[in-house]
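Summary of structural features
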Amino acid sequence: MPYSIEVKDLRKRFGDYDAVNCINFNIHEGEVFALLGPNGAGKTTTIRMITTLLPPTSGEIKIEGFDIKKHGTFIRRLIGYVPQALSADSTLTGYENLLFITKLLRLPAREREERIRYVLDILNLKDAANRLVREYSGGMVRRLEIGQAIIHRPRILVLDEPTVGLDPVARHNVWDVLNILRRETSLTILITTHYMEEAETICNRVAIMNRGHIAALGTPDELKAMTGKSDATLEDVFTFFTGNQLETGGSFNEIRQIRRRIQRFN
Ligand SMILES: Nc1ncnc2c1ncn2[C@@H]1O[C@H](COP(=O)(O)OP(=O)(O)OP(=O)(O)O)[C@@H](O)[C@H]1O
């Protein structure tokens, strides 16, 4: 049985800077795996290469055993991607957004309604289906975007900072949805995150990225044990492996995200 995602000696060079510098990891089917790291660590660049949006400078990526260099079109159908930027249309209802995606992906007409119903149900958006997305809260929009990404039954779901800018309640709602997906499907889930709590609550394994490298990889408990401190938190692990204090809630990117979201809904 091949791994769901295999990354071997992966490198991405921008000019003379290695944004991703020879990283290796494998993700099992059904695993929830996080890339955790400070701004500029190379997390987004890594998932852009995995989702085939960006060609690697060198190295290898296999999705369910298929090399992305040879099977890009096929692999894109295996992956659902929730980018950082807003991807739902605020001038349409939730239902219309989902219908649009089913048409874009050319799902057979007879399957569309059933898939939309399933997605609205699992994401707890049934009651809001016919409301304009501009009236949704940030958490509801995020859940709808997850719906758009899973409507074609992908095998792998990739989310770039899925809860950035959300309040704690909305963040927990998104985690609930990801936990339901993990329980009810065999989806492999890859996320990038700044939030320790997120990595610890929903992820089986975490890779800590720093300056293009993977500084450490393991279950949250394994990572804590590596610090040699009996009462280590994941925050201690982060500081131990990167020498950085991870700032949450105030990065340029987060502020930009939140501002974009506010702009979009005004
Ligand atoms: N298209 C590009 N051209 C040049 N440099 C880039 C490009 N994309 C990313 N970089 C640089 O590569 C490095 C890694 O960026 P990346 O966005 O992957 O980091 P990240 O870990 O996702 O950070 P963040 O949490 O801020 O999104 C950064 O120094 C960034 O400025």
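If you're wondering where the values come from, they're calculated on a predicted model, not measured in any experiment. (Residues numbered from 1 in each chain as written. Predicted model: local features only at pLDDT ≥ 70, side-chain atom pairs only at ≥ 80, totals over all residues. Heavy atoms only, no water.)

1. Re the overall build of the protein
The secondary structure content of the protein amounts to 10 helices and 10 strands. For a compact globule of 266 residues, the expected C-alpha radius of gyration is about 18 Å, and the protein comes in at 18 Å, within 12% of that figure. In terms of its C-alpha atoms, the protein occupies a principal-axis envelope of roughly 50 × 40 × 40 Å. Taking all 266 residues of the protein together, the buried fraction comes to 51%. Counting every atom, the protein has about 12,600 Å² of accessible surface; 49% of that belongs to carbon and sulfur. Of the side-chain charges in the protein, 36 are positive and 33 negative, and the distance between the mean point of each set is 7 Å. (Helix = DSSP H or I, 4+ residues; strand = E, 2+ residues; numbered from the N terminus. Rg over C-alpha atoms; globule rule 2.2 N^0.38 Å. Buried < 20%, exposed > 50% of the residue type's maximum accessible area, 1.4 Å probe, protein only. Areas by Shrake-Rupley, 256 points an atom, 1.4 Å probe, with all protein chains shown as cover. Lys, Arg positive; Asp, Glu negative; His and termini not counted. Charge placed at Lys NZ, Arg CZ, Asp CG, Glu CD.)

2. Focus on the environment of Ile-61
By the secondary structure assignment, Ile-61 is in strand E4 (residues 58-63). With 60 residues separating them along the chain, Ile-61 and Asp-121 place their C-alpha atoms 34 Å apart. Beyond its immediate sequence surroundings of up to four residues, Ile-61 is in contact with Glu-6, Leu-10, Met-49, Ile-50, Pro-56, Phe-66, Asp-67 and Ile-68. (Contact = heavy atoms within 4.5 Å.)

3. Quick look at the pairing of strand E2 (residues 17-27)
Note that strand E1 (residues 5-14) and E2 share eight bridges and pair antiparallel. Its bridge partner lying in E2, Glu-6 is registered against Asn-26. If you look at the hairpin formed by E1 and E2, you'll find two residues sitting between the two strands, and Gly-15 has a positive phi there, around 65°. (Pairing = 2+ DSSP bridges.)

4. So, helix H4 (residues 109-122)
Compared with the 20 Å implied by 1.5 Å per residue over 14 residues, the 21 Å span of H4 between its first and last C-alpha is a close match. All of the buried residues in H4 are Arg-112, Arg-115, Ile-116, Val-119, Leu-120 and Ile-122. Taken down its axis, H4 places every buried residue within 165° of arc, on the same side. For H4, the exposed residues set more than 90 degrees away from the buried face come down to Arg-110 and Arg-117. Summarising the contacts, the buried residues of H4 are in contact with helix H3 (94-104), helix H5 (138-150) and helix H6 (168-184). Once H4 ends, the next one or two residues include Asn-124, with phi positive near 60°. (Expected span 1.5 Å × (residues − 1). Arc of directions from axis to C-beta.)

5. Looking at the sheet that holds strand E6 (residues 79-82)
With respect to topology, six strands assemble into an open sheet ordered E6-E7-E8-E3-E9-E10, the strand pairing being mixed. Bordering the open sheet on either side are E6 and strand E10 (213-218), each of which pairs with just one other strand. For this sheet the average axis-to-axis angle between neighbouring strands, irrespective of direction, equals 15°. Sheet strands in contact with helix H1 (residues 43-50) are strand E3 (32-36), E6, strand E7 (156-160), strand E8 (188-193) and strand E9 (205-210), and its direction is about 150° off that of E8. (Axes fitted to C-alpha atoms, helices over the stretch in contact; angles between N-to-C directions.)

6. Thoughts on H1
H1 sits mainly inside the fold: seven of its eight residues count as buried. Residues of H1 that are buried include every one of Lys-43, Thr-44, Thr-45, Thr-46, Ile-47, Met-49 and Ile-50, and no others. A positive backbone phi angle near 70° is found at Thr-52, which sits one or two residues after H1.

7. Quick notes on the sheet that holds strand E5 (residues 66-67)
Sheets are built from strands that pair by backbone hydrogen bonding, the pairs being arranged parallel or antiparallel. Across the sheet, four strands lie side by side as E2-E1-E4-E5; this open sheet has antiparallel pairing. Strand pairing shows two members of the sheet lacking a second neighbour, E2 and E5, which therefore form its edges. Across five bridges, E1 lies against E4 in antiparallel orientation. When the bridges of E4 are listed, Glu-6 appears paired with Lys-62. Each of E1, E2 and E4 is contacted by H1, which is oriented at about 120° to E1, the strand it contacts most.

8. Topic: the packing of H5 against H6
Contact geometry of H5 with H6 gives a least axis separation of 9 Å together with a crossing angle of 25°. Classified by the interaxial angle, the pair formed by H5 and H6 is roughly parallel. As for the relative orientation of H5 and H6, their crossing is right-handed in sense. Contacts from Gly-139, Arg-142, Arg-143, Ile-146 and Ile-150 of H5 reach H6 at Ala-170, Asn-173, Val-174, Val-177, Leu-178 and Leu-181. Of the residues in the contact of H5 with H6, the class split is seven nonpolar, two polar and two charged. (Parallel < 35°, antiparallel > 145°, perpendicular 65-115°, else oblique. Left-handed = near helix turned anticlockwise from the far one by under 90°. Nonpolar A, V, L, I, M, F, W, Y, C, P; charged D, E, K, R; others polar.)

What is shown is where atoms sit, not what they do.
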